[in-house]
Amino acid sequence: MNHNLQPINITHEVDIAIATSEARVLAEAVGFKQAEQYMIATAVSELARNIFHYAKEGKITIKIIEKGTQKGIEIIAQDNGPGIEDIDKAMTDHFSTGDGLGSGLPGVKRLMDEFEISSDSRQGTKVIARKLL
Amino acid sequence: MKGKNYLSKVVMNIIQGCLVVPIHGELYDESVLQIQRDVLEKIKNTGIKKVIIDLSGANVIDSFLGQVISDTVKMASMLGATTVLTGFKPEVVVSLIDLDFDFGDIQTAITLEDGFHKLQSRLTDEEIEDADDETTEAIEELEEPEEEEDES
């Protein structure tokens, strides 16, 4: 049984909605409660919108993971955009790049259980976020 | 802009003197901003003073959508209209807190009906002024006969 999805390319705005609703379906399949399904969907929406706004193009991979006996969801958001110059700053609440949009990344970290980010100007940004049942 | 065809037009109705704006389904940058423009335009054209933005049908409220809604409420207020947000679900509220989203002193209600009550019970500035005048008159009326009674 393989619930894992193919990476979802984020190139158009509509892809944000596709990634968000697929995250919800997968979270439900894993057995997350409604509130947690929504939290995962919101995290995916933030990450996909970040790609769309800042990198213009990237992909979101959502998969079911198992850590020992614990099941969960892993979201990988990857883009080849300009990268985040100051990750610490981007992880600060209410930090905005000037167009009124915050990065939403601290929010994603709180919505999920585990959060990793790496970014550089050559390889773009990669965020891995996990939530366990 | 690509994919304009997926933009859904929100149908806004004026019910009991309130502009009701239902937000549903998936929302895109452009459609959210279009809703914002439409609401402000409607307030300007109709002079309506009460707005309800109903979020019960929204799939996901992320920080972008939250920001646009919050901005819309502030802009409506500058145009003299009071807005109540309705239709928050528990999971939405939990996620908004995690996103560190602050709706500040924006008024909210759980159901559309509660939203109506909140707006109907809330008086507009003009009504408050009228009410103040009436109260003053009533107090004067009350005071006068009392004085007469005292004299007798």
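The coordinates are above.
Residues numbered from 1 in each chain as written. Chains lettered and ligands numbered in written order. Predicted model: local features only at pLDDT ≥ 70, side-chain atom pairs only at ≥ 80, totals over all residues. Heavy atoms only, no water.

Caption draft 1: Examining helix α1 (residues 29-46) of chain B more closely. Its 18 residues give α1(B) an end-to-end C-alpha distance of 26 Å, which sits within 8% of 26 Å, the value for a rise of 1.5 Å per residue. Summarising the contacts, the buried residues of α1(B) are in contact with α2 (34-55) of chain A together with β2 (18-25), β3 (50-58) and α2 (63-78) of chain B. Immediately beyond the C-terminal end of α1(B), within one or two residues, lies Gly47(B), with a positive phi of roughly 70 degrees. (Helix = DSSP H or I, 4+ residues; strand = E, 2+ residues; numbered from the N terminus. Expected span 1.5 Å × (residues − 1). Contact = heavy atoms within 4.5 Å.)

Caption draft 2: Inspection of the environment of Ala23(A) at higher detail. Residue and element names in this part refer to chain A. Within the secondary structure, Ala-23 is located in helix α1 (residues 14-30). The class of Ala-23 is buried, set by a relative accessible area of 0%. Separated by 14 residues in sequence, Ala-23 and Gln-37 place their C-alpha atoms 7.8 Å apart. Those residues in contact with Ala-23 that lie beyond four places of it in its chain are Ile-40, Ala-41, Val-44 and Ile-62. (Buried < 20%, exposed > 50% of the residue type's maximum accessible area, 1.4 Å probe, protein only.)

Caption draft 3: Looking closely at the packing of α1(A) against α2(A). All names here are of chain A. Between α1 and α2, the least distance of the axes is 8 Å, while the angle of their chain directions is 155 degrees. When the axes of α1 and α2 are compared, the pair comes out roughly antiparallel. Classified by chirality, the crossing of α2 by α1 is right-handed. In this structure, α1 contributes Ile-16, Ala-19, Thr-20, Ala-23, Arg-24, Ala-27 and Glu-28 to the contact, and α2 contributes Gln-37, Tyr-38, Ile-40, Ala-41, Val-44, Ser-45, Ala-48, Arg-49 and Phe-52. A per-class count over the contact of α1 with α2 returns ten nonpolar, three polar and three charged. (Axes fitted to C-alpha atoms, helices over the stretch in contact; angles between N-to-C directions. Parallel < 35°, antiparallel > 145°, perpendicular 65-115°, else oblique. Left-handed = near helix turned anticlockwise from the far one by under 90°. Nonpolar A, V, L, I, M, F, W, Y, C, P; charged D, E, K, R; others polar.)

Caption draft 4: Structural context of the pairing of strand β4 (residues 82-86) of chain B. Residues and elements named next belong to chain B. By the criterion of burial, β4 is predominantly enclosed, with four of the five residues buried. Alignment of β3 against β4, held across five bridges, turns out to be parallel. Its bridge partner lying in β4, Asp-54 is registered against Thr-86. In this region the chain leaves β3, passes through α2 and returns to the parallel neighbour β4; the handedness of that crossover is right-handed. Where β4 lies against strand β5 (residues 107-109), three bridges are found, and the strand directions are parallel. Among the inter-strand pairings, Val-84 is bridged to a residue of β5, identified as Gln-107. (Pairing = 2+ DSSP bridges. Right-handed = clockwise from strand over helix to strand, strands pointing away.)

All we've got here are geometric facts, nothing functional implied.
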